[in-house]
Amino acid sequence: MAAAAPARAADLEAGSRKSEPCKACHGADGNASIPGTPSVAGQPVYFTHWQLIKFRDGRRKDPQMTPFGANLTDADMADLAAFYAAQRPTPRPAATDPSKVAAGRELAQQHHCVSCHRPGLVGHEQIPRLAGQDLAYLVKILRGFKAQTAGDLDGTMTTAVQPLSEADIENLAHYMASLPPAQPR
Ligand code: HEC
Ligand code: HEC
């Protein structure tokens with residue numbers, strides 16, 4: 001994690017200013033409203049910083065997001081990550097199906113998702129908050145990990161999702177989307 005260690009203190013005000021081009025997709029305060037686009041509000045600083053490094057390096061690719069990560073400096077990333085970590089996450093509107101939520105809760109226990117993502121799936125350090133994230137994004141990214149196209153940091157998630165079926169992915173996504181999006185502390 002040494003590469004993410006800030007060389008200078010992150011600047012929240014600069015982060016707010018630098019988030020101007022991000023607002024169209026991720027919302028004014030990091031709470032997105034476009035299905036398939038993740039909310040970044042309240043994500044751990046290291047998580048956001050690492051994702052931005054991966055987009056810049058081309059290790060994670062997305063036609064919409066890649067151009068916005070391409071020219072960020074390390075200081076930009078640190079400021080943006082600190083700014084978004086300080087924003088309060090709000091739940092994404094989602095039509096979650098109670099039977100899928102129940103099945104997803106069981107699967108999350110079976111597959112020890114909380115051992116890394118923490119109780120309540122609120123995330124910490126390089127591990128993201130999943131609680132209250134956008135349903136369509138959760139399905140998309142889990143399918144991406146399974147197909148090995150999502151470019152995860154160290155292969156952890158690629159390994160974690162291999163035993164999951166398409167139905168498991170959907171049930172887990174409904175469960176995660178139904179949880180209240182508390183900020184990691
Ligand atoms: C044109 C729309 C768009 C703009 C503008 C945009 N993003 Fe994104 N961003 C996305 C999409 C879509 C994804 C999800 C990509 C995927 O599915 O892998 C994403 C993913 C991310 C992620 C990863 C989140 C996660 O939970 O994995 C971060 C962090 C991020 N964006 C930060 C930013 C920052 C910072 C800016 C501004 C400098 C920005 N984005 C501008 C569309 C956009
Ligand atoms: C060994 C630790 C570990 C386990 C177990 C684990 N995860 Fe993860 N998860 C991570 C890490 C680390 C990341 C960030 C990966 C990256 O860099 O892209 C992540 C990312 C994710 C993401 C992407 C979120 C986003 O905003 O981009 C989802 C969704 C996810 N995990 C769901 C799950 C589910 C569901 C389970 C249980 C089946 C699970 N994880 C088990 C460590 C883990």
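Residues numbered from 1 in each chain as written. Chains lettered and ligands numbered in written order. Predicted model: local features only at pLDDT ≥ 70, side-chain atom pairs only at ≥ 80, totals over all residues. Heavy atoms only, no water.

> What am I meant to see in the site of ligand 2 here?
Every one of the 21 residues lining ligand 2 counts as a neighbour, but Cys113, Cys116, His117, Tyr137 and Met157 are closest to it. Within the contact set of ligand 2, an oxygen atom lies 3.1 Å away from a side-chain nitrogen or oxygen of Gln51. Within the contact set of ligand 2, an oxygen atom lies 3.1 Å away from a backbone nitrogen or oxygen of Leu153. Breaking the shell around ligand 2 down by element, the ones donating at least two residues are helix H3 (45-57), helix H7 (113-117), helix H8 (135-147) and helix H9 (156-161). (Near = heavy atom within 4 Å. Polar contact = N/O pair within 3.5 Å; in protein donor to acceptor, adjacent residues only side chain to side chain. Helix = DSSP H or I, 4+ residues; strand = E, 2+ residues; numbered from the N terminus.)

> Would you explain the coordination of the iron atom of ligand 1 in this entry?
When four donors bind a metal tetrahedrally, each ideal donor-metal-donor angle is 109.5 degrees, and when six bind octahedrally, the ideal angles are 90 or 180 degrees. Distances from the iron atom of ligand 1 to its protein donors, namely His26 (NE2) and Met65 (SD), fall within the range 2.0 to 2.1 Å. Around the iron atom of ligand 1, the six donor atoms are arranged such that angles at the metal cover 85 to 179°; this shape is classified as octahedral. Taken together, the positions of His26 in helix H2 (residues 23-26) and Met65 in the loop between H3 and helix H4 (66-69) put the pair 39 residues apart, joining distant regions of the chain. Pair check on accessibility: His26 and Met65 agree, each one buried. (Donors = N, O, S within 2.8 Å, 3.2 Å for Na, K, Ca; no water. Tetrahedral: all angles 85-135°; square planar, octahedral: opposite > 155°, others 65-115°. Buried < 20%, exposed > 50% of the residue type's maximum accessible area, 1.4 Å probe, protein only.)

> I keep staring at helix H10 (residues 166-178) and nothing clicks. Help me out?
With 13 residues, H10 extends 19 Å between its outermost C-alpha atoms, agreeing within 8% with the 18 Å of an ideal straight helix rising 1.5 Å per residue. Close packing links the buried residues of H10 with helix H6 (98-110), H7 and H8. (Expected span 1.5 Å × (residues − 1). Contact = heavy atoms within 4.5 Å.)

> Can you walk me through the coordination of the iron atom of ligand 2 in this structure?
Coordination of the iron atom of ligand 2 by the protein involves His117 (NE2) and Met157 (SD), with metal-donor separations of 2.0 to 2.2 Å. With six donor atoms in place around the iron atom of ligand 2 and angles of 86 to 179° between them, the coordination shape is octahedral. Separated by 40 residues along the polypeptide, His117 in helix H7 and Met157 in helix H9 bring together distant segments of the chain. The class for Met157 is partly exposed, based on a relative accessible area of 21%.

> What's the story with the domain arrangement of the protein chain in this structure? I'm lost.
Many analyses report the size of an interface as the accessible area lost when the parts associate. For the protein chain, the assigned domains are domain 1 (11-85) and domain 2 (98-178). Once you take the C-alpha centre of each, domain 1 and domain 2 turn out to be 21 Å apart. In this complex, domain 1 contributes 17 residues to the contact, which on the side of domain 2 involves 17 residues. A buried area of about 1300 Å², summed over both sides, lies between domain 1 and domain 2, and 49% of it is on carbon and sulfur atoms. (Domains from an automatic or database assignment. Buried area = accessible area lost by both parts, 1.4 Å probe.)

> What's the story with the site of ligand 1 in this structure? I'm lost.
Around ligand 1 there are 20 residues in total, and Cys22, Cys25, His26, Arg60 and Met65 lie nearest to it. The separation between an oxygen atom of ligand 1 and a polar side-chain atom of Lys140 is 2.9 Å. The residue makeup of the shell around ligand 1, split by class, is 13 nonpolar, four polar and three charged. (Nonpolar A, V, L, I, M, F, W, Y, C, P; charged D, E, K, R; others polar.)

> Explanation requested: the environment of Lys146 in the structure shown.
By the element assignment, Lys146 lies in helix H8. Given a relative accessible area of 33%, Lys146 falls into the partly exposed group. Distance in space between the C-alpha atoms of Lys146 and Ile53 is 22 Å, their sequence separation being 93 residues. If near-sequence neighbours (up to four positions away) are discounted, Lys146 is found in contact with Val161, Gln162, Leu164, Ser165 and Ile169. At a separation of 2.5 Å, a polar atom in the side chain of Lys146 contacts the main-chain carbonyl oxygen of Leu164.

> Got a minute to help me understand the environment of Leu80 in this structure?
Along the polypeptide, Leu80 turns up in helix H5 (residues 74-85). Along the backbone, Leu80 and Ser19 are 61 residues apart, and their C-alpha atoms lie at a distance of 6.5 Å. The residues touching Leu80, leaving out its near neighbours within four places in the chain, are Gly15, Lys18, Ser19, Cys22, Leu52 and Leu72.

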